[in-house]
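So the chains spell out like this:
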Amino acid sequence: MIVFDLRCTQAHVFEAWFASTTAYEEQRERGLVSCPTCGDTVVEKAVMAPNVGAKGNRAPAVVPPGSPAEVLRQLASRQAELLRRSRWVGSDFAAEARALHEGERSEGAIHGQASAAEVSELIEDGVPVAPLLFPVAPPDQIN
Ligand SMILES: [Zn+2]
């Protein structure tokens, strides 16, 4: 048995099983192969390869560039770049974030530590905060 992806004149694509390619040809010519959606007996093999052009009605597979390890490395590198322009405020994060949000300070980005409860309160108050993707060692604990 072999399976073909078939397409009718209404562009419905469906799967059908046949004993062989010859059996498919014979059944198709006798009008025995019909579209399960509209009953059309004028069918042809659907083009299955991606990026075939106008005939293909399926979106090409999206393949993320790079391996998972490479993607993680790029994310880590992006985070490191953002943190270089960000000020470490340690456990004062919640207070500092609130001060920034309320316009008491105008300095740029900050990062630091906050408890889950503090983060919940910040989010409830509409302060834009986001977790870091990768854990960062506090600068005062590195040495
Ligand atoms: Zn159809």
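Everything numeric here is computed off the predicted structure, so don't read it as measured data.

About the cut-offs
Residues numbered from 1 in each chain as written. Predicted model: local features only at pLDDT ≥ 70, side-chain atom pairs only at ≥ 80, totals over all residues. Heavy atoms only, no water. Axes fitted to C-alpha atoms, helices over the stretch in contact; angles between N-to-C directions. Helix = DSSP H or I, 4+ residues; strand = E, 2+ residues; numbered from the N terminus. Parallel < 35°, antiparallel > 145°, perpendicular 65-115°, else oblique. Contact = heavy atoms within 4.5 Å. Nonpolar A, V, L, I, M, F, W, Y, C, P; charged D, E, K, R; others polar. Pairing = 2+ DSSP bridges. Core = buried A, V, L, I, M, F, W, Y, C linked by side-chain atoms within 4.5 Å. Buried < 20%, exposed > 50% of the residue type's maximum accessible area, 1.4 Å probe, protein only. Patch = residues over 30% accessible without salt bridge, like charges linked within 9 Å, V, L, I, M, F, W, Y side chains within 5 Å. Areas by Shrake-Rupley, 256 points an atom, 1.4 Å probe, with all protein chains shown as cover. Salt bridge = Lys/Arg side-chain N within 4 Å of Asp/Glu carboxyl O. Donors = N, O, S within 2.8 Å, 3.2 Å for Na, K, Ca; no water. Tetrahedral: all angles 85-135°; square planar, octahedral: opposite > 155°, others 65-115°. 1 Å grid on protein atoms, 1.4 Å probe; cavity = no way out; pocket = protein on both sides within 12 Å on 5 of 7 lines; lining within 4 Å. Points joined across faces, edges and corners; volume = space filled by probe spheres on them.

Caption draft 1: Just the packing of helix H3 (residues 93-101) against helix H4 (residues 116-124), in detail. At a minimum axis separation of 10 Å, H3 and H4 run at an interaxial angle of 10°. Taken together, the axis directions place H3 and H4 in an arrangement best described as roughly parallel. Between H3 and H4, the residues in contact are Phe-93, Ala-94, Ala-97 and Arg-98 and Glu-118, Glu-121 and Leu-122, respectively. When grouped by side-chain class, the residues that make up the contact of H3 with H4 number four nonpolar, no polar and three charged.

Caption draft 2: Quick peek at the sheet that holds strand S2 (residues 13-18). One open sheet holds the three strands; their spatial order is S2-S1-S3, and the pairing between them is antiparallel. Lying at the two open borders of the sheet, with one neighbouring strand each, are S2 and strand S3 (43-45). For this sheet, the mean angle separating the axes of adjacent strands, direction not counted, is 45°. As judged from the six bridges shared by strand S1 (residues 2-8) and S2, these two strands associate in the antiparallel manner.

Caption draft 3: Just the nonpolar core, in detail. Counting residues in each nonpolar core, the largest one holds ten residues, listed as Phe-4, Leu-6, Cys-8, Phe-14, Ala-16, Phe-18, Tyr-24, Val-33, Cys-35 and Val-43. Those elements that provide at least two residues to this core are S1 and S2. Setting aside its immediate chain neighbours within four residues, Cys-35 contacts Cys-8, His-12, Phe-14 and Asp-40. Phe-93, Ala-94, Ala-97 and Leu-122 belong to the second-largest nonpolar core, a separate cluster that totals seven residues.

Caption draft 4: Region of the structure containing a nonpolar patch on the surface. Nonpolar side chains collect at one region of the surface, where Val-71, Leu-72, Leu-75 and Leu-133 lie side by side and expose about 340 Å² of accessible area between them. Along the chain, Val-71 falls in helix H2 (residues 68-84). Overall, Val-71 belongs to the partly exposed group, its relative accessible area being 31%.

Caption draft 5: The environment of Phe-134, seen in detail. Secondary-structure assignment places Phe-134 in the loop between H4 and helix H5 (139-142). In sequence terms Phe-134 and Leu-75 are 59 residues apart; their C-alpha atoms lie 8.8 Å from each other. The contacts of Phe-134, once residues within four sequence positions are left out, are Leu-72, Leu-75, Ala-76 and Gln-79.

Caption draft 6: Geometry of the coordination of the zinc ion. Of the protein atoms, only Cys-8 (SG), His-12 (ND1), Cys-35 (SG) and Cys-38 (SG) coordinate the zinc ion, at distances of 2.0 to 2.3 Å. Coordination at the zinc ion is tetrahedral: its four donor atoms span angles of 101 to 116° at the metal. Taking relative accessible area as the criterion, His-12 reaches 25% and is therefore assigned partly exposed.

Caption draft 7: Quick peek at the layout of surface pockets. Space inside the largest pocket adds up to approximately 600 Å³. In this structure, the largest pocket is lined by 26 residues; those nearest its centre are Phe-93, Ile-110, His-111, Ala-130 and Leu-132. Put simply, the parts of the chain that give the lining of the largest pocket at least two residues each are H2, H3, strand S5 (110-112) and H4.

Caption draft 8: Spotlight on the pattern of salt bridges. Inspection of every chain in the model, using the stated rule, returns six salt bridges. A salt bridge links Arg-85 to Glu-81, with the shortest nitrogen-to-oxygen separation between them at 3.6 Å. By relative accessible area, which is 59% here, Arg-85 ends up exposed. Look at Glu-81 and you get partly exposed, because its relative accessible area is 33%. One network of salt bridges, in which partners are shared, links Arg-78, Glu-81 and Arg-85.

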